[in-house]
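# An overview of the molecular structure
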Amino acid sequence: MKVEERQRFLQEALSHAKEIGLKQFFAVIVDDLGQIIQDEKLENTPRFFRKSAAGKAIALQNGKVMKNPVGVTGLLSILSFYLPATVIFGRDFPIIGCVKVETVDDDSPTTTTFYLSGSGAVKAEDDLACVEHGLKAIGFVADQDGTWRKEAKE
């Protein structure tokens, strides 16, 4: 993803967060090494949500599965990354609010992977809606395995 695309994704994700009435929201972009390369937040959003969003992205990157969210999605996604699966209630389900994105460099056939994540909503589905809105705004679509790629130009 080019810098302009990343910035527009973040702006669109935050715009959608405001539209659906969120008072706090953090959107982050994590590279395939697990490093936050860019982030943005709504005003007055605690930094905890940055860590929460990054934790979801790192957990997804490492193939972890979050355990029983009980309404505190970000905290449990971080815990599931650091603790053995059996410590957190034992029921598997997908990490919500984070997606994998693959892009192909214009100058070479190299594929780059990013993880785009959001945190701050009461419902994890709202985190996901903001992330997906941002991706759709910059021309990405999800394929059958849930990975997002640039929409093919005809």
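Scroll up to find the structure this text is about.
These numbers were taken from a predicted model, which means no experiment stands behind them. (Residues numbered from 1 in each chain as written. Predicted model: local features only at pLDDT ≥ 70, side-chain atom pairs only at ≥ 80, totals over all residues. Heavy atoms only, no water.)

## Observations concerning the pattern of salt bridges
- Inspection of the entire model under this criterion finds seven salt bridges.
- A salt bridge links Arg8 to Glu12, with the nearest nitrogen and oxygen atoms 3.6 Å apart. Linking Arg8 with Glu12, this pair stays in helix H1 (residues 3–19), spanning four residues, or about one helical turn.
- Ionic pairing is found between Lys56 and Asp127, a salt bridge with its closest N-O pair at 3.0 Å. Remark: Asp127 occurs in helix H4 (residues 124–137) and Lys56 occurs in helix H2 (residues 48–61); sequence separation between them is 71 residues.
- Judged by its relative accessible area of 0%, Lys56 falls in the buried class.
- Asp127 sits in the buried class, given a relative accessible area of 2%.
- What you see here is one network of salt bridges that share partners, running through Lys100, Glu102, Asp143 and Arg149. (Salt bridge = Lys/Arg side-chain N within 4 Å of Asp/Glu carboxyl O. Helix = DSSP H or I, 4+ residues; strand = E, 2+ residues; numbered from the N terminus. Buried < 20%, exposed > 50% of the residue type's maximum accessible area, 1.4 Å probe, protein only.)

## Observations concerning the environment of Leu14
- Relative to the assigned elements, Leu14 resides in helix H1.
- For Leu14, a relative accessible area of 8% translates into the label buried.
- In this structure the C-alpha to C-alpha distance between Leu14 and His133, which are 119 residues apart in sequence, comes to 9.5 Å.
- Leaving out residues up to four positions away in the same chain, Leu14 has contacts with Phe25, Glu40, Lys41 and Leu42. (Contact = heavy atoms within 4.5 Å.)

## Overview of the nonpolar core
- Core analysis: the biggest nonpolar cluster contains 22 residues, and Met1, Phe9, Phe25, Val101, Leu116 and Leu135 have the highest contact counts within it.
- Contributing elements (two or more residues each) for this core: H1, strand S1 (26–31), strand S5 (98–104), strand S6 (111–119) and H4.
- Top contributing element to this core by residue count: H1, with five residues.
- Apart from the residues within four sequence positions on either side, Phe9 is in contact with Met1, Ile29, Leu116, Val131, Gly134, Leu135 and Ile138.
- Within the second largest apolar cluster, eight residues are counted, among which are Phe26, Val28, Phe49 and Ala57. (Core = buried A, V, L, I, M, F, W, Y, C linked by side-chain atoms within 4.5 Å.)

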